[in-house]
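A closer look at the structure
What follows is each chain in one-letter form.
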Amino acid sequence: DIMKIAMIKVYDEMKTKKLKSRLILQVHDELVIEASIDEIEEVKSILLHNMRDSFELSVPLEVDLSQQDSLLKG
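Quantities reported herein were computed from a predicted structural model and do not represent experimental measurements.

Inspection of the entire model under this criterion finds five salt bridges. The partner of Lys20 in a salt bridge is Asp38, with the nearest N and O atoms 3.3 Å apart. With Lys20 in the loop between α1 (2-16) and β1 (22-27) and Asp38 in the loop between β2 (30-34) and α2 (40-53), this residue pair connects regions lying 18 residues apart in the sequence. Lys44 is the salt-bridge partner of Glu41, the closest N and O atoms lying 3.7 Å from each other.

Where α1 contacts α2, the axes come no closer than 9 Å and their chain directions differ by 145°. Seen along the crossing, α1 lies across α2 with a hand that is right-handed. Facing α1, whose interface residues are Met3, Ala6, Lys9, Val10, Glu13 and Met14, α2 presents Ile46, Leu47, His49, Asn50 and Met51.

The residue Lys18 is not glycine, and still its phi comes out positive at about 55°. One non-glycine residue, His28, lies in positive phi territory at about 55°. Structurally, His28 is set in the loop between β1 and β2. The class of His28 is exposed, set by a relative accessible area of 72%.

Let us now look at the layout of surface pockets. Space inside the largest pocket adds up to approximately 1000 Å³. If you trace the largest pocket, you find 27 residues lining it, with Leu31, Val32, Ile33, Ser66 and Gln67 closest to the centre. Along the lines of polarity and charge, the residues of the lining of the largest pocket split into 16 nonpolar, four polar and seven charged.

With that settled, the discussion passes to the side chain of Asn50. Within the element layout of this structure, Asn50 appears in helix α2. A distance of 2.9 Å separates a polar atom in the side chain of Asn50 from the backbone oxygen of Ile46. If we ignore the near neighbours within four places in the chain, the residues touching Asn50 are Ala6, Lys9, Val10 and Glu13.

What follows deals with α2. Compared with the 20 Å implied by 1.5 Å per residue over 14 residues, the 20 Å span of α2 between its first and last C-alpha is a close match. All of the buried residues in α2 are Val43, Ile46, Leu47, Asn50 and Met51. All buried residues of α2 project into a common sector of 110° when viewed along the axis, lining one side. Close packing links the buried residues of α2 with α1 and β2.

Calculation rules
- Residues numbered from 1 in each chain as written.
- Predicted model: local features only at pLDDT ≥ 70, side-chain atom pairs only at ≥ 80, totals over all residues.
- Heavy atoms only, no water.
- Salt bridge = Lys/Arg side-chain N within 4 Å of Asp/Glu carboxyl O.
- Helix = DSSP H or I, 4+ residues; strand = E, 2+ residues; numbered from the N terminus.
- Axes fitted to C-alpha atoms, helices over the stretch in contact; angles between N-to-C directions.
- Left-handed = near helix turned anticlockwise from the far one by under 90°.
- Contact = heavy atoms within 4.5 Å.
- Buried < 20%, exposed > 50% of the residue type's maximum accessible area, 1.4 Å probe, protein only.
- 1 Å grid on protein atoms, 1.4 Å probe; cavity = no way out; pocket = protein on both sides within 12 Å on 5 of 7 lines; lining within 4 Å.
- Points joined across faces, edges and corners; volume = space filled by probe spheres on them.
- Nonpolar A, V, L, I, M, F, W, Y, C, P; charged D, E, K, R; others polar.
- Polar contact = N/O pair within 3.5 Å; in protein donor to acceptor, adjacent residues only side chain to side chain.
- Expected span 1.5 Å × (residues − 1).
- Arc of directions from axis to C-beta.

Just geometry here; none of it tells us what the structure is for.
Listed below in structure tokens is the structure:
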């Protein structure tokens, strides 16, 4: 349920900010985002904040981020 709450909050914040980046997929406890190059840092911030703080827990929720270059080369 925590993942669903975080996913909705990430989606809503990206939509509110009218970002070009978009939420593509949820796999278990991961979110896959297709991020515009000029929005990468903002998307990382949105993910960290919403994944970490979407639900009140007695222990901190650990969040890891990674990014991959998916530009297609002709």
